[in-house]
Amino acid sequence: METVPPAVDLVLGASACCLACVFTNPLEVVKTRLQLQGELQAPGTYPRPYRSFLASVVTVARADGLWGLQKGLAAGLLYQGLMNGVRFYCYSLACQAGLSQQPGGTVLAGAMAGAVGAFVGSPAYLVKTQLQAQTVAAMAVGHQHHHQSVLGALETIWRQQGLAGLWRGVGGAVPRVMVGSAAQLATFASAKAWVQERQWLPEDSWLVALAGGMISSIAVAAVMTPFDVVSTRLYNQPVDRAGRGQLYGGLADCLVKIWRQEGPLALYKGLGPAYLRLGPHTILSMLFWDELRKLAGRAQQQGT
């Protein structure tokens, strides 16, 4: 992998993931609706306006228009830029310090970088989730916050809940991104190396990064989905006047309540669109990042 300064990785990581977000945001909208559907209700006891992935896409388009499939895009781009810029920057710093050369170092570096990125990007993810959940009453699932825009949502949360309100739900976001980041960065590096060793593809081909991203996306979806469900619930729940969640007290409380009231399979609600979102997003973001790093590395070499 080309060596570039951490500051360059910040820009490249943020740019790559924002590019991927434009294509995968409709899948994020569908995934959010499916994860909120039947919240804290036993299976079979609630209406299901959202069913299969394709049916849910049609439902969203009918209820909110075609542009409804891009709900929360601005907040999603803000989140991807903040979270992944910081994440790739911290990961690059850790690799530069030699952590990735130690046993398990790549996983640890990915997890640490993901935790920092998740904390920085949490307000944007909070707003993104709430905007994507909003729809007409007949198709509504989960609490409806009625925000008009990203800035309006941030202002409303700040005014009603204070600065801490912008980081409500971060307790679910940090472990979510930690496990996803560790799985993504570790498996992408090892999968790419494995493909290169087999010499199935030209060493410098973008297809090597594509293959690595495809393998990495499976691992990411498998480990991340339960935390993704919990994170969506924590971010979207209604709050009292003190800014405390009215449904869940935190990560552990949310996990227990979902398990008891909806069953363990509820932790994988929206797995199909979650993979369809995480898969292309992981593949595209890692492919874009890898190719941009190559270009930056070559430009750096030519400059010296």
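Definitions and cut-offs
- Residues numbered from 1 in each chain as written.
- Predicted model: local features only at pLDDT ≥ 70, side-chain atom pairs only at ≥ 80, totals over all residues.
- Heavy atoms only, no water.
- UniProt positions renumbered as here; feature names shortened; annotations may be inferred.
- Phe/Tyr/Trp six-rings, centres within 6.5 Å; stacked < 30°, edge-to-face > 60°.
- Helix = DSSP H or I, 4+ residues; strand = E, 2+ residues; numbered from the N terminus.
- Lys NZ or Arg CZ within 6 Å of the ring centre and 35° of its normal.
- Core = buried A, V, L, I, M, F, W, Y, C linked by side-chain atoms within 4.5 Å.
- Buried < 20%, exposed > 50% of the residue type's maximum accessible area, 1.4 Å probe, protein only.
- Contact = heavy atoms within 4.5 Å.

If you check an unreviewed UniProt entry, the chain appears there as Solute carrier family 25 member 34 from Trichechus manatus latirostris. You can read under Sequence similarities (unreviewed entry) in the UniProt record for the chain the words "Belongs to the mitochondrial carrier (TC 2.A.29) family." The UniProt entry for the chain carries this comment under Catalytic activity (unreviewed entry): "a dicarboxylate(in) + sulfate(out) = a dicarboxylate(out) + sulfate(in)".

Peer 1: Hey, could you go over the packing of aromatic side chains for me, with residue numbers and the actual values?
Peer 2: The final tally for this structure, using the stated rule, is three aromatic pairs. Judged by centre distance (4.8 Å) and plane angle (65 degrees), the rings of Tyr79 and Tyr125 are edge-to-face. Taken together, the positions of Tyr79 in helix α3 (residues 73-96) and Tyr125 in helix α4 (residues 105-133) put the pair 46 residues apart, joining distant regions of the chain. Aromatic side chains Tyr125 and Tyr235 sit 5.2 Å apart centroid to centroid with 45 degrees between the ring planes, which places their arrangement in the tilted category. Note that Tyr125 is positioned in helix α4 and Tyr235 in helix α7 (residues 206-236), a separation of 110 residues in sequence. In textbook terms, an aromatic cluster arises when at least three aromatic residues are bridged by ring pairs, as seen for Tyr79, Tyr125 and Tyr235. Its end group placed over the ring of Phe88, Arg87 keeps NZ or CZ at 4.8 Å from the ring centre.

Peer 1: Mind laying out the UniProt feature "repeat: Solcar" (unreviewed entry) in the chain, listing which residues take part and the relevant values?
Peer 2: As annotated by UniProt and renumbered to match this structure, "repeat: Solcar" (unreviewed entry) occupies residues 4-97, 101-194 and 204-295. Span residues 101-194 is 70% helix and 0% strand, its end C-alpha atoms 17 Å apart.

Peer 1: Account for the nonpolar core, naming residues and giving values.
Peer 2: Counting residues in each nonpolar core, the largest one holds 16 residues, and the members touching the most others are Tyr79 and Val127. Secondary-structure elements contributing two or more residues to this core are α3, α4, α5 (150-161) and α6 (170-198). It is α4 that contributes the most residues to this core, six residues altogether. If near-sequence neighbours (up to four positions away) are discounted, Val127 is found in contact with Ala75, Val150, Ala153, Leu154 and Ile157. One finds Leu34, Leu36, Ala133 and Val141 within the second-largest nonpolar core, a separate group that totals 10 residues.

Peer 1: Please give an account of the environment of Gly76 that cites residues and values.
Peer 2: Take Gly76: it is sitting in helix α3. Overall, Gly76 belongs to the buried group, its relative accessible area being 1%. It is 7.0 Å that separates the C-alpha atoms of Gly76 and Ala124, two residues lying 48 residues apart in sequence. In this structure, Gly76 is in contact with Cys21 and Lys128, ignoring residues within four places of it in sequence.

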